[in-house]
Amino acid sequence: MKPTVVSADVLFEDHRGQLKWEWVAGLGASERRFDEVAVRKARSGADLVGYLNYIHPYRVQILGEREVAYLTNATQDDCKRRIARIVTLEPPVLVLTDGQAAPDALLSMCERAQIPMFATQEPSAFVIDVLRAYLSKHFAERTSMHGVFMDILGLGVLITGESGLGKSELGLELITRGNGLVADDAVDLYRVNQTTIEGRCPELLQNLLEVRGIGLLDIRAIFGETAVRRKMRLRLIVHLVRRETMEREYERLPYEPLTQDVLGVPVRKAVIPVVAGRNMAVLVEAAVRNTILQLRGVDTYQEFVERHRRAMEKGG
């Protein structure tokens, strides 16, 4: 999936209320967008915004008190050179912060080069935090996966498996046990930083769960606000398999925790065979509780191996 395009006018309107800024120059460049090369090179959207820096082109350039002083407190020729160099950075937007007044030479340069410039009373650090969070979400790598994504005991869990194994029915039972639904059938996944995958529900499917024989259920209407979530961080994938698949493809006691690569991030994985008579909701919650222990550094399998080693040493 391609990153969402962000133009100057979209950036301005989306933060008009929060940053209380004004558009002071470059009004004719409202369609100016982030350079695609910069988006591809950036490790995340956070790399697309920062203080005025001649080393990093193609980013939103923030000009606070120190930056404006650097552009104005020099000889006339040096000031002209410093301001002219900003054009070579090809910034999508300039933002004046800390209530700084725009130098006339900078205003003229923005008009000539058609570079949008916004001005706000808010401090630089706050503006950077807001814009980095916004751009990180917009330009996050993304994909979609089939399954039921839930908040189970506070952990973001994606239930996957072959069709017909009862993923949605399992999701419904987990909801009745006090857990929350994020998405059913299709889950949009975003890598919001180098180690974090965030899952959300496509707008078309929000609050809905399809159960065979019953149809579509509006979980929010049936169970209330606490039964649904807008988004969760993906921490565990529970993969449902038939017993013969489990016996053929997976170890009974894996030596290392299983993981699955999602957008370049390894996500813990538990494989549970579906057999008639098993309480799948209890098994999934047990897998989640075990994962929480592992995340806290408690590895039951490794403790068992160590216990077994000590027992053999005593016996020897």
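Small disclaimer: the values here were computed from a predicted structure and weren't measured.

**Student:** Account for helix α7 (residues 124-138), with residues named and values stated.
**Tutor:** Helical geometry: 3.6 residues make up each α-helical turn, so side chains three or four residues apart lie on a common side. The first and last C-alpha atoms of α7 sit 21 Å apart over 15 residues, in line with the 21 Å expected at 1.5 Å per residue. Taken as a whole, α7 has its buried residues at S124, V127, I128, V130, L131, Y134, L135, S136 and H138.

**Student:** Residues and numbers for the state of the cysteines, please.
**Tutor:** For the coordinates displayed, the defined rule picks out zero disulfides. For C79, which is in no disulfide, the shortest distance to another cysteine sulfur is to C110 and amounts to 15 Å.

**Student:** Can you break down the pairing of strand β14 (residues 265-274) residue by residue, with the values?
**Tutor:** Among the 10 residues that make up β14, seven are buried, leaving the element largely enclosed by the rest of the structure. Here strand β12 (residues 231-242) pairs with β14 via seven bridges, running parallel. Within β14, the position partnered with L236 by the bridge is R268. Both strand β13 (residues 258-262) and β14 contribute to a ladder of five bridges, which runs antiparallel. In the sheet register, V262 faces β14, and the bridge partner there is V265. Adjacent in sequence and paired antiparallel, β13 and β14 are bridged by two residues, among which L263 carries a positive phi angle near 55°.

**Student:** Explain the pattern of salt bridges to me, using residue names and the numbers behind them.
**Tutor:** Going through the model one piece at a time under the given rule, you end up with 11 salt bridges. In this structure, E13 and R16 form a salt bridge, with 2.6 Å as the shortest nitrogen-oxygen distance. The class for E13 is partly exposed, based on a relative accessible area of 44%. One salt bridge in this structure joins R81 and D78, with 2.1 Å as the shortest N-O distance. Of this pair, R81 and D78 are both found in helix α5 (residues 76-89), three residues apart, which corresponds to roughly one turn of the helix. Given a relative accessible area of 51%, R81 falls into the exposed group. Of the residues examined, D78 reaches a relative accessible area of 24% and is grouped as partly exposed. Through salt bridges with shared partners, a single network forms among E306, R309, R310 and E313.

**Student:** I'd like a description of the packing of aromatic side chains, backed by residues and values.
**Tutor:** Geometrically, a pair of aromatic rings is defined through the distance of the ring centres and the angle of the planes. Inspection of every chain in the model, using the stated rule, returns five aromatic pairs. Plain terms: the ring middles of W23 and F118 are 4.9 Å apart, the flat faces sit at 70° to each other, and that makes the pair edge-to-face. With W23 in strand β1 (residues 22-25) and F118 in strand β5 (residues 117-119), this residue pair connects regions lying 95 residues apart in the sequence. Residue classification places F118 among the buried residues on the basis of a relative accessible area of 0%.

**Student:** How would you summarise the UniProt feature "binding site: Mg(2+)" (unreviewed entry) in the protein if you had to cite specific residues and measurements?
**Tutor:** Following the UniProt record, one finds the feature "binding site: Mg(2+)" (unreviewed entry) at S168 and E210. A compact arrangement is adopted by the annotated residues: their sequence extent is 43 residues, whereas the largest C-alpha distance between any two is 6.5 Å. Structurally, S168 can be placed in helix α8 (residues 167-176). Setting aside residues no more than four positions away along its own chain, S168 makes contact with V148, D184, L209 and E210. On the secondary structure map, E210 appears in strand β10 (residues 208-211). Assessed through its relative accessible area of 46%, E210 is described here as partly exposed.

Calculation criteria
What you see as residue numbers is a count from 1 along each chain, following the sequence as written. With pLDDT at 70 or above as the cut-off, local features in this predicted model cover only qualifying residues; side-chain atom pairs require 80 or more to be listed or tallied, and sums for whole chains, interfaces and linings still use all residues. Hydrogens and water molecules were not included; the side-chain quantities draw on all heavy atoms of the structure. Note on conventions: DSSP H or I runs of at least 4 residues are helices, E runs of at least 2 residues are strands, and numbering of each starts at the N terminus. The length a helix should cover is 1.5 Å for every residue beyond the first. Relative accessibility under 20% of the residue-type maximum defines a buried residue, over 50% an exposed one, and the middle range a partly exposed one, all with a 1.4 Å probe and only protein chains included. Cysteine sulfur atoms that come within 2.5 Å of each other are treated as a disulfide pair. Paired strands, as defined in this entry, are two strands with at least two bridges between them according to DSSP. The rule for a salt bridge is simple: a side-chain nitrogen of Lys or Arg has to be within 4 Å of a carboxyl oxygen of Asp or Glu. Under the pairing criterion, centres of Phe, Tyr and Trp rings, with the six-membered ring standing for Trp, must be within 6.5 Å; the plane angle then separates stacked pairs below 30 degrees from edge-to-face pairs above 60, leaving the rest tilted. UniProt positions are given in the numbering used here, feature names are shortened, and annotations may be inferred rather than shown by experiment. Working rule for contacts: check all heavy atoms of both residues, and any pair within 4.5 Å makes them a contact.

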